Amino acid sequence: MTLFQCMLMGFLIVCAISVSFSRNLLNSVLIYMSYSLVMSIIWVCLQSPDLAITEAAVGAGVTSILFFSTLKKIQAIQIEKDKEDKALDLEVSNITLKEADDNE
């Protein structure tokens, strides 16, 4: 096994662990996509181009599109944006309150 393949295997382990601990669903899907792409590179290194093409098409392509459409349907992507907007609104209101207190 070459150094390049060892690095790819290490990256696969990191992806598997990080997708397990990720709380953001969108990040989990993106990590899964990268896992699938690295796995397809490993299949090429193992001289199995048919498996590499299948992994890239199904793993990174079709499955990720299905995950994204599911996240959109359950409005998980929208909820994350709403949380960020609410946090930003809260910060702006805190700054406004601090400025009002300073002016008094």
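Notes on the structure follow. Because the structure is a prediction, the values reported are computed rather than measured.

**A closer look at the packing of aromatic side chains**
Within this structure, the stated rule accounts for 1 aromatic pair. Ring geometry for Tyr-32 against Phe-67: centres 5.8 Å apart, planes inclined by 85°, an arrangement best described as edge-to-face. Highlighted residues: Tyr-32 in helix H2 (residues 25-45) and Phe-67 in helix H3 (residues 49-73), separated in sequence by 35 residues. Taking the relative accessible area as the measure of exposure, Tyr-32 reaches 30% and is therefore partly exposed. Owing to a relative accessible area of 38%, Phe-67 belongs among the partly exposed residues under this scheme.

**With respect to H3**
In a regular helix each residue adds 1.5 Å, so 25 residues correspond to 36 Å; H3 covers 34 Å between its end C-alpha atoms and thus fits that length. The axis of H3 is deflected most strongly, by about 30°, at Ser-64. When we look at burial in H3, the residues that qualify are Ala-52, Gly-59, Ala-60, Thr-63, Ser-64 and Leu-71. Phi turns positive, to about 60°, at Gln-75, one or two residues after H3.

**Remarks on unusual backbone geometry**
A positive phi angle, close to 60°, is found at Gln-47, a residue other than glycine. On the secondary structure map, Gln-47 appears in the loop between H2 and H3. Of the residues examined, Gln-47 reaches a relative accessible area of 71% and is grouped as exposed.

**Quick look at the packing of H2 against H3**
Two numbers describe how H2 lies on H3: the axes approach to 8 Å, and their chain directions differ by 170°. Looking at the two axes, H2 sits roughly antiparallel to H3. Judged by residue contacts, Leu-25, Leu-26, Val-29, Leu-30, Tyr-32, Met-33, Ser-36, Leu-37, Met-39, Ser-40, Trp-43 and Val-44 of H2 engage Leu-51, Ala-52, Glu-55, Ala-56, Gly-59, Ala-60, Thr-63, Ser-64, Phe-67, Phe-68 and Leu-71 from H3. For the contact of H2 with H3, the residue count by class is 17 nonpolar, 5 polar and 1 charged.

What counts and how
Residues numbered from 1 in each chain as written. Predicted model: local features only at pLDDT ≥ 70, side-chain atom pairs only at ≥ 80, totals over all residues. Heavy atoms only, no water. Phe/Tyr/Trp six-rings, centres within 6.5 Å; stacked < 30°, edge-to-face > 60°. Helix = DSSP H or I, 4+ residues; strand = E, 2+ residues; numbered from the N terminus. Buried < 20%, exposed > 50% of the residue type's maximum accessible area, 1.4 Å probe, protein only. Expected span 1.5 Å × (residues − 1). Bend = angle between axes of the 7 residues up to and from the residue. Axes fitted to C-alpha atoms, helices over the stretch in contact; angles between N-to-C directions. Parallel < 35°, antiparallel > 145°, perpendicular 65-115°, else oblique. Contact = heavy atoms within 4.5 Å. Nonpolar A, V, L, I, M, F, W, Y, C, P; charged D, E, K, R; others polar.

That's the geometry; what it means functionally is another story.
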